[in-house]
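Below are the chains, spelled out letter by letter.
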Amino acid sequence: MNHKKRMIASICWIVIGAALMGAYYAGMADDYWNGMGTVLFVVGVLQMIRHIRYETDKAYKAHVDVEAGDERNRFIAGRAWAWAGYSYVFIATAASMIYRLAGDDLMTQMAARSACLVMLLYVGSNFILRRKY
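Source: prediction; values computed, not measured. (Residues numbered from 1 in each chain as written. Predicted model: local features only at pLDDT ≥ 70, side-chain atom pairs only at ≥ 80, totals over all residues. Heavy atoms only, no water.)

Engineer: Please explain the overall build of the chain as it appears in this structure.
Structural biologist: When its secondary structure is counted, the chain shows five helices and zero strands. Written out in order from the N terminus, the α and β elements of the chain read α-α-α-α-α. Here the C-alpha atoms of the chain give a radius of gyration of 21 Å, more than 25% beyond the 14 Å that 2.2 N^0.38 yields for 133 residues. For the chain, the spread of C-alpha atoms along the principal axes amounts to about 55 × 50 × 25 Å. (Helix = DSSP H or I, 4+ residues; strand = E, 2+ residues; numbered from the N terminus. Rg over C-alpha atoms; globule rule 2.2 N^0.38 Å.)

As structure tokens, then:
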């Protein structure tokens with residue numbers, strides 16, 4: 001995605017966030033939507049600042065372009081996602097066992113299902129990527 005499209009996306013996050021916060025203050029939404037709106041607004045503003053800096057600061061632009069295209073960084077990012085996935089499955093599985101021992105059936109199911117979902121996503125991604133590459 002080029003940076004102009006990212007700027008437009010940032011503006012959309014700001015507008016959606018402001019709308020959600022406005023809905024909360026108008027009494028049309030609850031705390032959840034206010035929190036979501038605040039997060040979207042802040043993320044949009046921070047992304048906008050980053051994109052403006054990218055467009056105006058040549059040294060920062062060169063640094064970002066090198067970081068984005070560096071093969072080593074791509075490898076590290078891939079490994080980090082793999083470790084995060086493995087860790088999540090182990091943590092969610094252990095949590096489901098702990099919740100089961102504690103007698104909390106709802107949390108047991110949520111933890112076990114989330115671990116199962118991650119494993120299903122892995123199998124599906126693996127299947128698609130093996131066919132693609």
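Moving on from the coordinates now.
Engineer: Looking at this structure, how should I read the side chain of Thr108?
Structural biologist: Examined against the element boundaries, Thr108 turns out to sit in helix H5 (residues 105-132). Side-chain polar atoms of Thr108 contact the backbone nitrogen of Arg100, separated by 3.1 Å. Aside from chain neighbours lying at most four places away, what touches Thr108 is Ser96, Tyr99 and Arg100. (Polar contact = N/O pair within 3.5 Å; in protein donor to acceptor, adjacent residues only side chain to side chain. Contact = heavy atoms within 4.5 Å.)

Engineer: Hey, could you run me through the packing of helix H1 (residues 3-25) against helix H2 (residues 31-56) in this one?
Structural biologist: Two numbers describe a pair of packed helices, the interaxial angle and the distance between the axes. Two numbers describe how H1 lies on H2: the axes approach to 7 Å, and their chain directions differ by 155 degrees. One element, H1, and the other, H2, form an angle in the roughly antiparallel class. Taken as a pair, H1 and H2 cross one another with a handedness that is left-handed. Considered class by class, the residues forming the contact of H1 with H2 number 18 nonpolar, nine polar and four charged. (Axes fitted to C-alpha atoms, helices over the stretch in contact; angles between N-to-C directions. Parallel < 35°, antiparallel > 145°, perpendicular 65-115°, else oblique. Left-handed = near helix turned anticlockwise from the far one by under 90°. Nonpolar A, V, L, I, M, F, W, Y, C, P; charged D, E, K, R; others polar.)

Engineer: Would you take a moment to explain H2 for this structure?
Structural biologist: Since the α-helix advances by 3.6 residues per turn, residues separated by three or four positions end up pointing in the same direction. Here H2 spans 37 Å end to end across 26 residues, near enough to the 38 Å set by a 1.5 Å rise per residue. Buried within H2 are the following residues: Asn34, Gly37, Leu40, Gly44, Met48, His51 and Tyr54. Residues of H2 that are buried in the fold lie against H1 and helix H3 (58-69). (Expected span 1.5 Å × (residues − 1). Buried < 20%, exposed > 50% of the residue type's maximum accessible area, 1.4 Å probe, protein only.)

Engineer: Mind showing me how you'd approach the pattern of salt bridges here?
Structural biologist: Tallied over the entire structure, the rule returns two salt bridges. The partner of Arg53 in a salt bridge is Asp57, with the nearest N and O atoms 3.8 Å apart. The class of Asp57 is partly exposed, set by a relative accessible area of 29%. Notably, a salt bridge pairs Arg100 with Asp105, separated by 2.8 Å at the nearest N-O pair. Judged by its relative accessible area of 41%, Asp105 is partly exposed. (Salt bridge = Lys/Arg side-chain N within 4 Å of Asp/Glu carboxyl O.)

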